[in-house]
Structure formats: C-alpha cells, structure tokens
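Here's the letter readout for the chains.
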Amino acid sequence: DFDRLPPPQQGGLARFDDELGGPPPPLRNQNFDNNLSIVERYYEAWNRRNIALALSCFSNNIYYDDTQFSKPFEGKDKLAEHLIYVADCVPDSFFYVVDELSVGSVQRGGRRGSSVPRFRNGRRVGDQRSNRGRGGGRDSIRFDDDFDGRPTVSVSALWHVENEFGPLPYARGCSFFKIDPNTNLIVEGYEFPEPAVIKPGSTGLRTLSLASKLIEEPKRLLPFTAWVAYIYVVFFSKGILPGKDFFHTDPSTWIEVQNLSFNFMFIAPALKLPMAAKLHPMLEGVFNGLLAWAAMFWGFLSDDRTGFGTGYDRELEMTGRSARYYERLMQNQEQEFDNGIVVVPPVSITKRNLIPLLPTVIGMQFLTSAFFLPYLFARTSERRYQSDYERFDRRGPGPLRVRPLYREELDKTQVLGEWKGLGILLGSIGLYALWWGAGGRVEDAKDFGPPIWESGKRTTEFMKILANDRIASTIILDFWVFGFFQGWLVDDDWRRRGRSLEEESFLRNVAKFIPFFGMAAYLTFRPSYPSIKDGFDEELYDERTGFLRRRGSRRNDDFSRGRGRGGPPRF
C-alpha cells in the first residue's frame, strides 16, 4: 500500500534551492486530497486540465513513454509540451477513471534490485553531470531528481476514459510508474493504451480533436464549409471565377503574382525602385490592403500560448529560472491575499492549437483565406479557468477576482503582437491603399485613367480586369471572407484580458462589424496585458464574473505591493 511512501512535499513539488529565494509560500487550495496517491493526484489534475498541477507530480528529470507516440518524452520541458498539446486536443468532457492500482515493493539500485547499469534510449541513466563548474551557480547543470541507485516504488494503474455519457469504446489501458519515495515524485512513466496496428501519435489526436470540435461547436462548420468551398472555387473550379484553374495556369498569371509581390506594401513604387512593376493602381490597392488586413491578426498571437512566458530560457535547460518555472506556474494560478480575496486567471495559462497561429499569420501573406479559415475551425477555444472553490464546495475565504493574463505569461513573439502601434500602422496602410487605388499613378493616366474624381475610366479598366483575371477576383473574394470572419477571435481575446463579455461591448462590436478599420481600432484601444510589477487592482474587477467595477479606482495596497499569502507571482 501507499503507507510506505512519505507524505508529499508541498503540492507535490520538487525540492527548491536557495538561489531564487527558498521554498514558496504554502499553496492553500492547490493541494490535493492527502488520501490520494501521487498517481491518482496526477490523473485528478489531468481531469481538471490543470497542467501545472499535473506537472508538479513529476520529477524534473522525468522519463515518460506514451507508446502511442514514436518517441518518449525526456525531461519536464518535453512532458509539459506533450501534456499541453494533448489537453487542447482531447475534449474537456473526456476524463480518466482509475479502476485499480497495484503497488510493488521498494526496489533498490537498478531495475528489480539489480546493480546492472540502467539505460534509456541508448544512454546510461545518471551519467549526465555538469561540465561547467561545480559551484552551484546558474552555469552548473544538476539533476536534483536523478534517482539512479536510489530506491523506487513501482505503481501500476488500470484505467479507462469516460465522458458525460459513460465509458468510451477503445479507450482503456494501463500505466506503469516509478516513484522516488524520498520526494514522492514520479520519475518514470509508461502509458499502454489499447493496442493499435499503427502508432497514431499526434495524427490520431489531431483527428479526434478536430472531429470533437466540429461536433461540440457546430458553428465551426461555417468556416470549415467556407474553406472547402474556397479551395474548390479558387483552385479547381471552371467558370465560377474568371480565368483558368490551378492546373491550367498560364505563365502570365505567375508573372502577375510576381509583379504584385514586387510592389508589396507600396514600398517599391513609392520609392520608385527599379524592381517596381507597373500595374493598375486599384489592383495594387486591393492587394496591399488585403495583406495589411491579414497582418492585423498578428495582434492575436496570444491565442496560442506555450505557458513558458518571456522569462523562460531554453538554453538554461534545468538550471536557473527554468528549474523553477513549473512551480511558479502553479503558484501563480490562484493567490489568496490577506484580505481574503482570491485572484484567479481568466483562462488557462497554457493553450495550444492544432494549427499554430504564428505560421498561420505568415502563411496568410501568401495564401490569405486558405490559411485563415483552417485556423478558425481547428483552433482551441479559450478554456475558462475554474477554481477549486467553484469546482467543489463553492466556498472560500472571500470573493473571487478575475485578473488578466500577465505580460510575463506570454511568449516573446506574443508580446510583440501587443504593440499599440500595430493597428495604427496597418490602418494607415489601408488608408494609403484607398488613396493609391483612387488617385495613384497619375503619371500613367493614359494606361489606367485619371483619378476617380475626374473620370470613371480607372474604375472601368479595373472592372475589366476583374472580369478576366482570377488573381484579382480571388482578392475580392478574400475581402468578403475576412469581412465575415474578422471578429471570430475578438471575444476570446477579450476574455484573456480579464474583461466581461456582458459589458463593454462597444469596442468588440466595432471590431466585429466594421471591416478592416474596426479591427485596427480594436488593436489600438483594447486593454493591454498588465505587467506583474503593476500589481492587481482589486477594486477594478468585480467578483468571479469579471465585470469591471469602475475605471481609475484606487489600488489596494495589498495587491499593488503584492502582499498576500500567495506572494507576488514570480517569473
């Protein structure tokens, strides 16, 4: 039984060194039921989709082999990425049920008490040591949880997966864990689900995730259907759009694409560079206006979060800040302050999407809606953070407050997307595109016509292009797609900022219903993610609903100075 295991450390956390301030304050409501084993705590945390809490059950040097995947996950970083990815692929309604646990005896030395050296993936366990000094500073690599030669306890779990309708078919399995009795942390884990002829790995998860999202949120069928229709109409249809389909494209089409690319964002024509192509100004205007519109979605990069934050340095591996990242992540999820207020984030700190947003935004500069629409129907909706108080007894020492995500909880590229000048810059490009199409290239009036306020020739010539050119007509089709779907990311972006969807609807409606310039205004005037250094204004946010109480209110000293039992979040 589990009596041979010592009581877990605080919240199942690994040991702390004194370099960054010693052990953290007690985590009040983040702890599990003390009657649960460390394995059951892991499954309970997973069922809550609380990845930080689940990671606290594992050693920093964890070796985790999910046999559905081709490679095991070595180290807490790799395991974290795996759990975050799986959590966003599997529906929230799916949860583990542990049927039986079997606990083996304490084993000393290598496997089964043997003194034979132990290997993982061809490398000997315990042989990695620092070559950068042994003084214990940031330049030394040490594995505090290296358990080679130490006694371990073997635990086997038989489990199945259920949803609200009961057990799921073909969703049973068993797991094998090794636990270090000194720290009560899992140091090895092996997952054995029901066998498959081919290891589905991430492909199976992606398929399950996409299918479940389309079923649970039928509105996703709209961008999915639009994408299928878009691909057919633009690349394969004959007669719906003017010009030839993709398989019969003539060289003149590729020359047109090349010339439009040379005039990207009007740089070459404005500077009169020799590479600038001579094209109809209205065609150049709609082309560059569309690219500016696509670039606005850079401002939503926080929709895809790894959870590592700006303070995480992969080069440090298990030293310095990264060695305590997971503990800080769990500590920051819920904080109880001296006045009884409990502060929680608005959504999960970690969020992965089937299709990452950064490559999508880059791809939109080339194929626009062909990249944009798949992201909309495949992305993971923001998962509302649920406190243990709400999940269980709904009682706490004081009211719950919803804080925004902190800037330090975003990745470095996501912070760049928060630049207030982004909306102003791209909105200005849109205005310039309008002017360029209406009155640009006056020196070429013989070819394209004078400005539209002088003659209708320019518009007439552009309509002739639309009637015969598939590239130009596709750009207009993209305008319709962007105009219809541009507001799909706004509500989740608003939630991440700790704001209520029931109030302050004006700015969000501007972003949803005013094409292009409404989005530019939203990026400019939306609330910013605060820095953790700014503290939390308790009077600004009402109870768990997250309603704004009033603006410009006086900061409470306990929050602005970070005083509380949870302490200020550290990154």
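Predicted model, so just to flag it, every value in this text is computed and none were measured.

Undergrad: Mind laying out the nonpolar core, listing which residues take part and the relevant values?
TA: Ranked by size, the top nonpolar core spans 51 residues in total, and within it Met296, Phe297, Phe300, Phe482 and Tyr522 carry the most contacts. Look past the residues within four positions of Phe300 in its chain and what remains in contact with it is Leu357, Leu489, Val490, Asp493, Arg496, Met519, Tyr522, Leu523 and Arg526. In terms of nonpolar packing, the next biggest core, distinct from the first, is built from 40 residues, Ile62, Phe73, Leu83 and Tyr96 among them.

Undergrad: How would you summarise the pairing of strand E8 (residues 185-193) if you had to cite specific residues and measurements?
TA: Counting buried residues in E8 gives seven out of nine residues, a clear majority hidden from the surface. Across five bridges, the pairing between strand E1 (residues 58-66) and E8 is parallel. Residue Tyr64 lies in a different strand from E8, and its bridge partner there is Gly189. Here strand E7 (residues 166-180) runs beside E8; their pairing, made up of eight bridges, is antiparallel. Paired with Phe176 across the two strands is Tyr190, which belongs to E8. Adjacent in sequence and paired antiparallel, E7 and E8 are bridged by four residues, among which Asn184 carries a positive phi angle near 55°.

Undergrad: Please give an account of the pattern of salt bridges that cites residues and values.
TA: Per the counting criterion, the structure on display carries 22 salt bridges. The closest approach of N and O atoms between Glu382 and Arg305, which form a salt bridge, is 2.9 Å. Pair noted here: Glu382 is in the loop between helix H12 (369-378) and helix H13 (388-391) and Arg305 is in the loop between helix H8 (281-295) and helix H9 (320-323), with a separation of 77 residues, a long-range link. Grouping residues by exposure puts Glu382 and Arg305 together as buried. Of the charged contacts in the structure, one is a salt bridge between Asp492 and Arg379, with a shortest N-O distance of 2.8 Å. Of the two residues, Asp492 sits in helix H19 (residues 490-496) while Arg379 sits in the loop between H12 and H13, which places them 113 residues apart along the sequence. Each member of the pair, Asp492 as well as Arg379, carries the same accessibility label: buried.

Undergrad: I'd love a proper account of helix H17 (residues 457-468), names of residues and values included.
TA: With twelve residues, H17 should cover 16 Å at 1.5 Å per step; its first-to-last C-alpha distance of 17 Å lies within 8% of that length. Every buried residue of H17 is listed here: Arg458, Phe462 and Leu466. Buried residues of H17 fall within an arc of 75° about the axis and therefore sit on the same side. Of the residues in H17, the exposed ones pointing more than 90 degrees away from the buried face are Ala467 and Asn468.

Undergrad: An account of the packing of aromatic side chains is needed here, citing residue identities and associated values.
TA: Summed over the entire model, instances satisfying the criterion amount to 32 aromatic pairs. Here the aromatic rings of Trp293 and Phe482 are separated by 5.7 Å at their centres, their planes lie at 90°, and the arrangement is edge-to-face. Of the two residues, Trp293 sits in helix H8 while Phe482 sits in helix H18 (residues 470-485), which places them 189 residues apart along the sequence. When the ring of Trp293 is compared with that of Phe516, the centres are 5.9 Å apart and the planes differ by 90°; the resulting orientation is edge-to-face. Note that Trp293 is positioned in helix H8 and Phe516 in the loop between helix H20 (506-513) and helix H21 (517-525), a separation of 223 residues in sequence. Through successive ring pairs, a cluster of aromatic residues spans Trp293, Phe297, Phe300, Phe372, Phe479, Phe482, Trp494, Phe516, Phe517 and Tyr522. Geometry around Trp46 places Arg49 over its ring, the cationic atom sitting 4.9 Å from the centre. Taking the ring centre of Trp488 as reference, the NZ or CZ of Lys219 above it sits at 5.7 Å.

Conventions and cut-offs
Residues numbered from 1 in each chain as written. Predicted model: local features only at pLDDT ≥ 70, side-chain atom pairs only at ≥ 80, totals over all residues. Heavy atoms only, no water. Core = buried A, V, L, I, M, F, W, Y, C linked by side-chain atoms within 4.5 Å. Buried < 20%, exposed > 50% of the residue type's maximum accessible area, 1.4 Å probe, protein only. Contact = heavy atoms within 4.5 Å. Helix = DSSP H or I, 4+ residues; strand = E, 2+ residues; numbered from the N terminus. Pairing = 2+ DSSP bridges. Salt bridge = Lys/Arg side-chain N within 4 Å of Asp/Glu carboxyl O. Expected span 1.5 Å × (residues − 1). Arc of directions from axis to C-beta. Phe/Tyr/Trp six-rings, centres within 6.5 Å; stacked < 30°, edge-to-face > 60°. Lys NZ or Arg CZ within 6 Å of the ring centre and 35° of its normal.

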